[in-house]
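As a plain string of letters, each chain reads:
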Amino acid sequence: MATGLTAVVVAGLVSVGQFAATPEASAAPALDWEACPAVHGVPATVRCATVEVPLDYRKPDGKTIEIGVSRMQARDQSRRRGVVMGNPGGPGGDGIAMFSQVPPPAAMLDEWDLVAVQPRGLVSGTPLRCEPITGDEPELMTALGKVNRDRCEARTPGLGASLTTENTARDMEVVRGLLGESKVSLYGISYGTLLMSTYATLFPQRVDRMVLDSGFDPDLVWNTLLSAQTPGYKARVHAMMAWIARHDRIYGLGETPLAVYRKWSDRVSAEAGVPPSLLAPPAQVGDVPPGLRAFAQQYIAGTDLTADARARFENLMLTLLRPGSLQLSSQLLVLTRALAPDRNSWPLVAQLTAKPGRKLPTPAPAVLEAAQVSQDMQGAVLCNENRVPAQPSLGFQAFVANYVTGDPFEAPGLAYESGLACAGAPALARPIEIRNRGLAVTPLQIQSVGDPQTPYRGALKMRSLMRSHLITVGGGDHAQLGRANKPLENAIVEYLRTGRTAVQRVPEAPITAPLTQMPPAFAAGTAGR
């Protein structure tokens, strides 16, 4: 999960029973499956279709939009058990590619049709298209939410206001009917856990099994969710640096987390012209200069006490003194923050730190367009259904982090919590209050301790609301599907087959990425080749 029309708050939301009926199971599914658009990068085993749905479910005979659907048929049709419908998170994650880019356990591929409904507003459906931001908008710093709504409304009238979790859940129900299935199983990752819980709350009679992978506290939607992630992201980067230090014989970046940080900080400074504002990891005895070993504890205490203030001060002063220099211009810094939740990406960060100068390959224009649509769609969802009051007292901090220092760790949370991100764009809909409304099978929830994107404590609120059976996973990775964690995969398959599992705890997944070899797509873009 990450950041973001005349704003009219919808008063008196229509009750579930007032919405138009969705298609019932039919003998002959009414979907025309064909090759998926190339932008998704999926293999030929994934087939796609488009479905027409109401723009506004309160007006079933009104304007319609299209949504995309993908399907991987069960490899062994003689053992087919039904449909698992998935969502990879976001909001704005590409559903079309979910089950091919994140490989499920072999038994899931063999025994279930794996279907993903592309959330409304994304490519391969009716995409949310918005006018570009020029930087000259007079309300850019005072009413950013309104600016974003207006620029999307100008190109795709009415679509932006329809982008809510509830509407996407209702789109899923339309697809379920067209598939001819009386019930479907659900697999949601991250934001997908809220989406699947919303679907299950609205249509409990249509749910068979449900897996909630990396859930979160729905009471944080959305102004405080990103702030809740900030401490975890910083701790996760420190954990990454500790892992790199343990592999010093491979990367040669230092034997302590602080030594690794200093090399990493030097690389960021070289790329951006200013040092990062992220505080350094705690010092260890190995960081104490030889001549000061007699005062090791005092040295460590002093270093740790000033680490945060020193990093922030040095970044701010040099940013002000060096016009045009900004930490966000460092590719290494941006990638470090983005890749921190996934231990399989830590070797890549280590390689980029050890051997600077490598450049990312330039994505194809269609991929860049899809990414922009995803970003705009996400911003629309977060403002449309925001339920947490803003804290204007954080406005100055938000302004500095977003418009002065460009702090990738602090800026997203402060932008939303202060109200900056949705300023001028009040909520248009109230999210469905999720709960287990008599589901026939207890949901399965999977949470990793140390996951920065969906903190464990917040996930316990979703567990309580959905009355799910919880499996705790080590390692801190965000999203557990496709990590070759055999004990967890066995538990997921057992649950999907039987509706239950006794497993409550599994160890962390192995790091399967090579420790010294660049991913092919990245290596192809290396500078000088």
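Basis of the calculations
- Residues numbered from 1 in each chain as written.
- Predicted model: local features only at pLDDT ≥ 70, side-chain atom pairs only at ≥ 80, totals over all residues.
- Heavy atoms only, no water.
- Salt bridge = Lys/Arg side-chain N within 4 Å of Asp/Glu carboxyl O.
- Helix = DSSP H or I, 4+ residues; strand = E, 2+ residues; numbered from the N terminus.
- Buried < 20%, exposed > 50% of the residue type's maximum accessible area, 1.4 Å probe, protein only.
- Phe/Tyr/Trp six-rings, centres within 6.5 Å; stacked < 30°, edge-to-face > 60°.
- Lys NZ or Arg CZ within 6 Å of the ring centre and 35° of its normal.
- Pairing = 2+ DSSP bridges.
- Disulfide = S-S within 2.5 Å.
- UniProt positions renumbered as here; feature names shortened; annotations may be inferred.
- Core = buried A, V, L, I, M, F, W, Y, C linked by side-chain atoms within 4.5 Å.
- Contact = heavy atoms within 4.5 Å.
- Polar contact = N/O pair within 3.5 Å; in protein donor to acceptor, adjacent residues only side chain to side chain.

Hey, could you go over the pattern of salt bridges for me, with residue numbers and the actual values?
As a working rule, side chains carrying opposite charge can pair if their charged atoms are close by. Counted by the stated rule, this structure contains 29 salt bridges. One salt bridge in this structure joins Arg 79 and Glu 111, with 2.7 Å as the shortest N-O distance. Highlighted residues: Arg 79 in the loop between strand S3 (64-72) and strand S4 (82-87) and Glu 111 in helix H2 (residues 106-111), separated in sequence by 32 residues. Note that Arg 206 and Glu 173 form a salt bridge whose closest N and O atoms lie 3.8 Å from each other. Of this pair, Arg 206 sits in the loop between helix H5 (191-202) and strand S7 (207-213) while Glu 173 sits in helix H4 (residues 165-179), and the two are 33 residues apart along the sequence. As far as burial versus exposure is concerned, Arg 206 and Glu 173 are alike and both buried.

Which residues make up the packing of aromatic side chains, and what values do they have?
Under the defined criterion, the tally for this structure stands at seven aromatic pairs. Seen in terms of ring centroids, Trp 243 and Tyr 251 are 6.0 Å apart; in terms of plane orientation they differ by 45°. Their pairing is tilted. Accessibility expressed as a relative area gives 7% for Trp 243, which makes it buried. Overall, Tyr 251 belongs to the buried group, its relative accessible area being 8%. Ring geometry for Tyr 261 versus Trp 264: centroids 5.7 Å apart, planes at 40°, classification tilted. Placement of both Tyr 261 and Trp 264 in helix H8 (residues 257-272) is noted, with a separation of three residues, approximately one turn of the helix. Note on Tyr 261: relative accessible area 8%, which makes it buried. Here a set of aromatic residues connected by ring pairs shows up, and it is made of Tyr 191, Phe 216 and Trp 222. Its end group placed over the ring of Tyr 233, Arg 337 keeps NZ or CZ at 3.9 Å from the ring centre.

I'd love a proper account of the sheet that holds strand S10 (residues 505-506), names of residues and values included.
Strand order in this open sheet of ten strands is S1-S2-S3-S5-S4-S6-S7-S8-S9-S10, and the pairing throughout is mixed. At either margin of the open sheet sits one strand with a lone partner, and together these are strand S1 (34-35) and S10. Summarising the sheet, S7 and strand S8 (residues 444-448) pair through three bridges and their orientation is parallel. Within S8, the residue paired with Val 211 across the bridge is Leu 444.

Outline the state of the cysteines, supporting the account with residue identities and numerical values.
Covalent bonding between the sulfur atoms of two cysteines defines a disulfide. Under the definition given, this model contains three disulfides. Each disulfide pairs two cysteine sulfurs, and for Cys 36 the partner residue is Cys 48, the sulfurs being separated by 2.1 Å. Note on the Cys 36 and Cys 48 pair: the S-S dihedral is about 95°, so by sign convention the disulfide is right-handed. One end of the pair, Cys 36, is in the loop between S1 and strand S2 (47-54); the other, Cys 48, is in strand S2, and twelve residues separate them in sequence. The class for Cys 48 is buried, based on a relative accessible area of 5%. Each disulfide pairs two cysteine sulfurs, and for Cys 130 the partner residue is Cys 152, the sulfurs being separated by 2.0 Å.

I'd like to hear about the UniProt feature "domain: AB hydrolase-1" (unreviewed entry) in the protein, residue by residue, with values.
Per the UniProt entry, the sites bearing "domain: AB hydrolase-1" (unreviewed entry) are residues 87-246 in this numbering. Across residues 87-246, helical content stands at 44% and strand content at 12%; the span's end C-alpha atoms are separated by 35 Å.

Quick one: what's the story with the UniProt feature "domain: Peptidase S33 tripeptidyl aminopeptidase-like C-terminal" (unreviewed entry) in the protein, residue by residue and with numbers?
The UniProt record annotates "domain: Peptidase S33 tripeptidyl aminopeptidase-like C-terminal" (unreviewed entry) at residues 417-501. Each end of residues 417-501 is marked by a C-alpha atom, and these two atoms are 39 Å apart; helix forms 29% of the span and strand 12%.

Could you give me a rundown of the nonpolar core, with the residues and numbers involved?
Core analysis: the largest hydrophobic core is formed by 60 residues, its most contacted members being Val 51, Met 85, Leu 186, Met 210 and Trp 222. Ignoring anything within four residues of it in the chain, the contact list for Leu 186 reads Val 84, Met 85, Met 172, Met 196, Tyr 199, Val 207, Arg 209, Met 210 and Val 211. Counting residues in each nonpolar core, the second largest holds 33 residues, with Met 240, Val 268, Ala 283 and Leu 339 among its members.

How would you sum up the side chain of Ser 190? Please name residues and give values.
Within the secondary structure, Ser 190 sits in the loop between strand S6 (184-189) and H5. The class for Ser 190 is buried, based on a relative accessible area of 2%. For Ser 190, the side chain forms a polar contact with the side chain of His 478, separated by 3.1 Å.

Explain unusual backbone geometry residue by residue, including any values.
Residues Gly 90 and Pro 91 are joined by a peptide bond in cis, for which omega reads -5°. Here Pro 91 is to be found in the loop between S4 and helix H1 (98-101). A cis amide bond links Val 221 to the next residue, Trp 222, at an omega of -10°. Structurally, the position occupied by Trp 222 is in the loop between S7 and helix H6 (225-246). One non-glycine residue with positive phi stands out, namely Ser 190, at about 55°. A positive phi angle, close to 75°, is found at Ala 479, a residue other than glycine.

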